[in-house]
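# Chains, contacts and geometry: an overview
Letter by letter, the chains look like this.
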Amino acid sequence: MIVLSVNAGSSSLKFQAFDMPEETVLISGVFERIGMKESFYTIKLNGEKIKKEVELKNHERAMELVMEELIDNKIVESLDEIKAIGHRIAQGGPYFDKTEEMTDENIKKVKELSVLAPLHNPAAVKGIKAAMEVVPNALQTGAFDTAFHQTIEEENYMYPVPYEWCEKYKVRKYGFHGTSHKYVSSRMNEILGRYNTKLITCHIGNGASVSAIKEGICVNTSMGLTPNSGLMMGSRCGDMDATVITYMMQQLDCTAEEMDTILNKQSGLLGISGISSDSRDIEDGIKIGNQRCNLAQKMFTNRIIDHIAKYYVELGGCDAIVFTAGIGENSIHTRREILDGLAVLGVKIDEEANDCRGIERLITTEDSSIPCYIIPTNEELMIARDTYALYQQKENKKELEANEII
Ligand code: ADP
């Protein structure tokens, strides 16, 4: 059965078509500059990449082209074969703790949550509406970045601010990257061959977060109301003294919006190094003795070590630590620094094993107190799995109802 996984941004739309339950990727693509001049899309099929320059008036046009590509490349003969489409949605607030069908009522909730994710949720709604127009008979689901973290207890998700802020303005920790943390933690449990585990998962990309997971349930995570909390990131500051913000707004005489831009786009690795938000550039800077790159890297890894240590205590031990996403999967240097920082806990790096990129692998020695692994993430597959499971549930229910009526 064909299931599509869709990730719509304000001017982009990415998709992957899976054959389920085999989980084979049949075709994938990215539409860019939707609603702008010089729009185009690229399709990946049979290991080949094809770029097409076309006018992409809106998300609906992009969705129509997805369907044309599926038919032209003989992935499907008719659109009726596409039974379900899963959409990635950033913010599910307190409403969604799992992937859900996108009914009118649920779409309304996603829209309502746009105040908390003004760039992301409206784009997701555009993607859902476009898919509904183009494939009206398919099940549309929403997979939320926040859903996996909804199991976090109140004492961990509340902020120590006036209580009404949470009640009235929904101010609390929601966490993000949930689909990725869920995917790598379930894979980690598969590798360990048991599910009663305590795991610390580190999704370290341009955006970065760490989660503490006990028996498959998330008990804490480093991102908060927005993705700008917890770790230092490519261009985000993460946690710091909150008063710095009001103090610097007075000093710079800037608006809340301007401050938001500085803290999200001009801070982190970029802010400290003054060179780049990309960890490869920071590593190059370190090689030629750039002191600010050195400082940026140290601050970056220290915060990851701090969070791992904190979650080690919170979980009461740890059965495995997982590294994933762009830096976690690829940066030999960053992983080494983090594991060296954890030596006090008895973690021992296997230098030879760590000397790799983008593959699933154990990177600590046999006698390390905690085994540490690289597990490449696959959010698209996780969305397709959840969507397929929801589709099966609905079909089973329909069958039961039909039998009862008979
Ligand atoms: P996001 O999805 O948050 O945009 P990614 O997970 O794609 O981010 O990660 C992007 C980060 O991964 C960048 O900082 C990039 O430098 C880093 N990265 C990718 N490949 C390598 C590599 N070979 N060595 C070090 N860092 C890498």
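The shown structure was predicted, so the numbers you read here are calculated from the model rather than taken from an experiment. (Residues numbered from 1 in each chain as written. Predicted model: local features only at pLDDT ≥ 70, side-chain atom pairs only at ≥ 80, totals over all residues. Heavy atoms only, no water.)

### Quick notes on the side chain of Thr 221
Rule in force here: Here a helix means four or more residues in a row that DSSP labels H or I, a strand means two or more in a row labelled E, and each is numbered from the N terminus. Here a polar contact means two N or O atoms within 3.5 Å. Within protein one must be a hydrogen donor candidate and the other an acceptor candidate, and residues neighboring in sequence count only if both atoms are side-chain atoms. Contacts are residue-level and defined by heavy atoms, with any inter-residue pair within 4.5 Å sufficient.
With respect to the secondary-structure elements, Thr 221 resides in strand S11 (residues 217-221). A polar contact of 2.8 Å, which involves the side chain of Thr 221, links it to the side chain of Ser 211. Sequence-distant contacts of Thr 221, defined by excluding residues within four places in its chain, comprise His 149, Ile 152, Lys 173, Gly 175, Val 210, Ser 211 and Tyr 311.

### Things to note about helix H6 (residues 178-192)
In an α-helix, one turn spans 3.6 residues, which is why side chains three or four residues apart end up on the same side. Under the convention used in this document: Under the convention used throughout, the expected extent of a helix is 1.5 Å for every residue step, that is, one less than its residue count. Buried, partly exposed and exposed residues are distinguished by accessible area as a fraction of the type maximum, computed with a 1.4 Å probe on protein chains only: under 20%, between the cut-offs, and over 50%, respectively.
The terminal C-alpha atoms of H6 lie 21 Å apart, and with 15 residues this matches the ideal 21 Å at 1.5 Å per residue to within 8%. Gly 178, Thr 179, Ser 180, His 181, Tyr 183, Val 184, Ser 185, Met 188 and Asn 189 are the residues of H6 that are buried. Where H6 ends, the next residue or the one after it, Gly 193, has phi of about 75°, a positive value.

### A word on the sheet that holds strand S9 (residues 198-204)
Quick note on the threshold: For two strands to count as paired, DSSP must find a minimum of two bridges between them. Axis definition: a line fit to C-alpha positions, over the contact stretch in the case of helices; interaxial angles, taken between N-to-C directions, run 0 to 180 degrees.
Ordered by their spatial adjacency, 6 strands build an open sheet running S11-S10-S9-S12-S14-S13, and the pairing between neighbours is mixed. Bordering the open sheet on either side are S11 and strand S13 (361-362), each of which pairs with just one other strand. Relative to the sheet, helix H11 (residues 291-315) contacts S9, strand S10 (208-214), S11 and strand S12 (320-324), its axis offset from that of S9 by approximately 160°. In this fold helix H13 (residues 332-341) packs onto S9, S12 and strand S14 (372-374), with an angle of close to 160° to the strand it touches most, S12.

### Some points on the packing of aromatic side chains
As a reminder, the rule being used: The criterion for an aromatic pair is that two Phe, Tyr or Trp rings (for Trp, the six-membered ring) have centres within 6.5 Å, with stacked assigned to planes under 30 degrees apart, edge-to-face to planes over 60 apart and tilted to the rest.
For the structure on display, the rule yields 4 aromatic pairs. The interplanar angle of 40° and the centroid separation of 6.3 Å between the aromatic rings of Phe 15 and Phe 31 together place this pair among those described as tilted. You can see Phe 15 sitting in strand S2 (residues 13-19) and its partner Phe 31 sitting in strand S3 (residues 24-32), a full 16 residues away along the chain. Since its relative accessible area comes to 0%, Phe 31 is described here as buried. Residues Phe 96 and Phe 144 carry aromatic rings whose centres are separated by 4.1 Å and whose planes lie at 10° to one another, so their mutual orientation is stacked. Taken together, the positions of Phe 96 in the loop between strand S6 (82-89) and strand S7 (100-101) and Phe 144 in strand S8 (residues 139-144) put the pair 48 residues apart, joining distant regions of the chain. Each member of the pair, Phe 96 as well as Phe 144, carries the same accessibility label: buried. By the ring-pair criterion, three or more aromatic residues cluster together here, those being Phe 15, Phe 31 and Tyr 41.

### Let's talk about the packing of helix H1 (residues 59-72) against helix H3 (residues 121-134)
Stated precisely, the cut-off is as follows: Just so you know how the angles are binned, under 35 degrees is roughly parallel, over 145 roughly antiparallel, 65 to 115 roughly perpendicular, and the rest oblique. Each crossing is labelled by how the near helix is turned from the far one, with a counterclockwise turn of less than a right angle marking it left-handed and a clockwise turn marking it right-handed. Amino acids are sorted into nonpolar (Ala, Val, Leu, Ile, Met, Phe, Trp, Tyr, Cys and Pro), charged (Asp, Glu, Lys and Arg) and polar (every other residue, Gly among them).
The geometry of H1 relative to H3 is characterised by a closest axis approach of 8 Å and an angle of 50° between their N-to-C directions. Put simply, H1 runs oblique to H3. When you trace H1 past H3, the crossing you get is right-handed. Contacts between H1 and H3 pair His 59, Glu 60, Met 63, Glu 64 and Met 67 from the former with Lys 126, Ala 130, Ala 131, Glu 133 and Val 134 from the latter. Per-class residue counts for the contact of H1 with H3 are 5 nonpolar, 1 polar and 4 charged.

### Focus: the pairing of S3
Summarising the sheet, S2 and S3 pair through 7 bridges and their orientation is antiparallel. Paired with Asp 19 across the bridge in S3 is Thr 24. Between S2 and S3, which pair antiparallel one after the other, the connecting turn spans 4 residues, and Glu 23 there sits at a positive phi close to 70°. Relative to strand S4 (residues 40-45), S3 runs antiparallel, the two being bridged by 5 bridges. Counted as the bridge partner of Gly 29 is Ile 43 from S4.

### A few points about the domain arrangement of the chain
Put simply, the rule reads: An automatic or database domain assignment supplies the residue ranges for each domain.
Domains assigned within the chain are domain 1 (2-144) and domain 2 (178-375). Just the C-alpha atoms count here: the centres of domain 1 and domain 2 sit 29 Å apart.

### Here we look at the pattern of salt bridges
Note the following rule: We count a salt bridge whenever a side-chain nitrogen from Lys or Arg sits within 4 Å of a carboxyl oxygen from Asp or Glu.
Across all of its chains, the model carries 20 salt bridges by this definition. The salt bridge involving Lys 182 is made with Asp 386; its shortest N-O contact spans 3.3 Å. Residue Lys 182 is located in helix H6, and its partner Asp 386 is located in helix H15 (residues 379-405); the two are separated by 204 residues in the primary sequence.

### What to know about the site of the ligand
Rule in force here: Any residue with at least one heavy atom within 4 Å of a molecule or strand is counted as near it. Computed by Shrake-Rupley with a 1.4 Å probe, the accessible areas treat only the displayed protein chains as cover when residues are assessed.
Surveying the vicinity of the ligand reveals 13 residues, the closest of which are Asn 206, Gly 207, Asp 278, Ser 279 and Gly 326. The separation between an oxygen atom of the ligand and a polar main-chain atom of Gly 207 is 3.1 Å. Contacts to the ligand include Ser 279, whose side-chain N or O atom sits 2.9 Å from a nitrogen atom. If the ligand stood free it would expose 580 Å²; the protein chains cover 68% of that surface. Top contributing element to the shell around the ligand by residue count: helix H12 (residues 325-330), with 4 residues. Residues belonging to the shell around the ligand are distributed by class as follows: 2 nonpolar, 7 polar and 4 charged.

### Notes on the environment of Met 1
Tracing the backbone shows Met 1 in the segment before strand S1 (2-8). Between the C-alpha atom of Met 1 and that of Tyr 388, which follows or precedes it by 387 residues, the distance is 8.7 Å. Apart from residues lying up to four places away in sequence, Met 1 is in contact with Phe 18, Asp 19, Met 20, Lys 83, Ala 84, Tyr 388 and Tyr 391.

### Focus: the pairing of S4
Looking along a regular strand, one sees the side chains alternate between the two faces of the sheet. Along S4, 5 of the 6 residues are buried, which leaves the element largely enclosed by surrounding structure. Here 6 bridges tie S4 to strand S5 (residues 48-53), and the two strands are oriented antiparallel to one another. Within the sheet, the bridge partner assigned to Lys 44 lies in S5 and is Lys 49. The hairpin turn running from S4 into S5, its antiparallel successor, is 2 residues long, and Asn 46 in that turn takes a positive phi close to 50°.

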